[in-house]
Amino acid sequence: QVQLVESGGGLVQAGESLTLSCAASGVAFRINAMGWYRQGLGKERDLVALISSSGSTTYADSVKGRFTISRDNGKATVYLQMNSLKVEDTDVYYCTAVVFGSNYWGKGTLVTVSS
């Protein structure tokens, strides 16, 4: 069974940086895409960034130039470096991984950005 565990969330002030990590376990075969979504209370879960197994990346327009996604295939871990954080980046951030066409999700980590 694939499990994803996020870490690195917390409370920061606007303009500061934070790095999220997500480690996958129970993966017997290669993970395809990995990424991050975020969801506010009562809102839909929205894409933040994705990275393919080859390293191609996709970002939401709202985070381009501020967030950087990367992955370590050997450690089955994906990272999200978040710079110049804004109050509107406050959300629960969820890690996702695609394994043989199936999406798996972590439980989420809360990022709070204060003004």
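One structure accompanies this document, and this report is about it. (Residues numbered from 1 in each chain as written. Predicted model: local features only at pLDDT ≥ 70, side-chain atom pairs only at ≥ 80, totals over all residues. Heavy atoms only, no water.)

**Examining the state of the cysteines**
Thought 1: Following the criterion strictly, the structure yields one disulfide and no others.
Thought 2: Here Cys 22 engages in a disulfide with Cys 95; their sulfurs sit 2.0 Å apart. What sets the handedness of the Cys 22 and Cys 95 disulfide is the S-S torsion sign, and at about -80 degrees it is left-handed. In this pair, Cys 22 sits in strand β3 (residues 18-25) while Cys 95 sits in strand β9 (residues 91-99), placing the two residues 73 residues apart along the sequence. (Disulfide = S-S within 2.5 Å. Helix = DSSP H or I, 4+ residues; strand = E, 2+ residues; numbered from the N terminus.)

**Notes on the environment of Leu 4**
Thought 1: When you line up the elements, Leu 4 lands in strand β1 (residues 3-7).
Thought 2: In the structure, Leu 4 is positioned 21 residues away from Ser 25 in sequence and 6.5 Å away in space, judged by C-alpha atoms.
Thought 3: What Leu 4 contacts, discounting residues up to four positions off in sequence, is Cys 22, Ala 23, Ala 24, Cys 95, Thr 96, Ala 97, Tyr 104, Trp 105, Gly 106 and Lys 107. (Contact = heavy atoms within 4.5 Å.)

**Some thoughts on the packing of aromatic side chains**
Thought 1: Counted under the stated rule, the structure contains one aromatic pair.
Thought 2: Ring centres of Tyr 37 and Trp 105 lie 5.1 Å apart, and the angle between their planes is 75 degrees; this geometry places the pair in the edge-to-face category. With Tyr 37 in strand β4 (residues 34-39) and Trp 105 in strand β10 (residues 102-105), the pair connects residues that are 68 residues apart, well separated along the chain.
Thought 3: Above the face of the Trp 105 ring, Arg 45 is positioned so that its terminal group lies 4.8 Å from the ring centre. (Phe/Tyr/Trp six-rings, centres within 6.5 Å; stacked < 30°, edge-to-face > 60°. Lys NZ or Arg CZ within 6 Å of the ring centre and 35° of its normal.)

**Some points on the pattern of salt bridges**
Thought 1: Using the criterion set out here, one finds four salt bridges in the structure.
Thought 2: Residue Asp 91 is joined to Arg 38 by a salt bridge in which the shortest nitrogen-to-oxygen separation is 3.9 Å. Highlighted residues: Asp 91 in strand β9 and Arg 38 in strand β4, separated in sequence by 53 residues. Comparing Asp 91 with Arg 38 shows no difference in burial state: the two are buried.
Thought 3: Across the salt bridge formed by Arg 66 and Asp 89, the nearest N and O atoms sit 2.7 Å from each other. (Salt bridge = Lys/Arg side-chain N within 4 Å of Asp/Glu carboxyl O. Buried < 20%, exposed > 50% of the residue type's maximum accessible area, 1.4 Å probe, protein only.)

**Digging into the sheet that holds strand β7 (residues 67-72)**
Thought 1: In spatial order, the strands read β1-β3-β8-β7; together these four strands make up an open sheet with antiparallel pairing. Each edge of the open sheet is held by one strand with a lone partner, namely β1 and β7. When strand polarity is set aside, the average angle formed by the axes of neighbouring strands in this sheet is 15 degrees. (Pairing = 2+ DSSP bridges. Axes fitted to C-alpha atoms, helices over the stretch in contact; angles between N-to-C directions.)

**A look at the side chain of Asp 89**
Thought 1: As for its position among the elements, Asp 89 is in the loop between β8 (77-82) and β9.
Thought 2: Once you skip the residues sitting within four places of it in the chain, Asp 89 turns out to touch Arg 38, Arg 66, Phe 67, Ser 84, Val 111 and Val 113.

**Focus: the nonpolar core**
Thought 1: Of all hydrophobic cores here, the largest spans 28 residues; its most connected members are Trp 36, Val 48, Phe 67, Val 78, Leu 80, Met 82 and Tyr 93.
Thought 2: Setting aside chain neighbours within four positions, we find Met 82 in contact with Glu 16, Ser 17, Leu 18, Leu 20, Arg 66, Phe 67, Tyr 93 and Val 111. (Core = buried A, V, L, I, M, F, W, Y, C linked by side-chain atoms within 4.5 Å.)

**Brief notes about the environment of Gly 106**
Thought 1: Its place among the elements puts Gly 106 in the loop between β10 and β11 (109-114).
Thought 2: Judged by its relative accessible area of 9%, Gly 106 falls in the buried class.
Thought 3: In this structure, the C-alpha to C-alpha distance between Gly 106 and Tyr 94, residues 12 residues apart in sequence, is 5.8 Å.
Thought 4: Ignoring any residue separated from it by four or fewer positions in sequence, one finds Gly 106 in contact with Leu 4, Glu 6, Tyr 94 and Cys 95.

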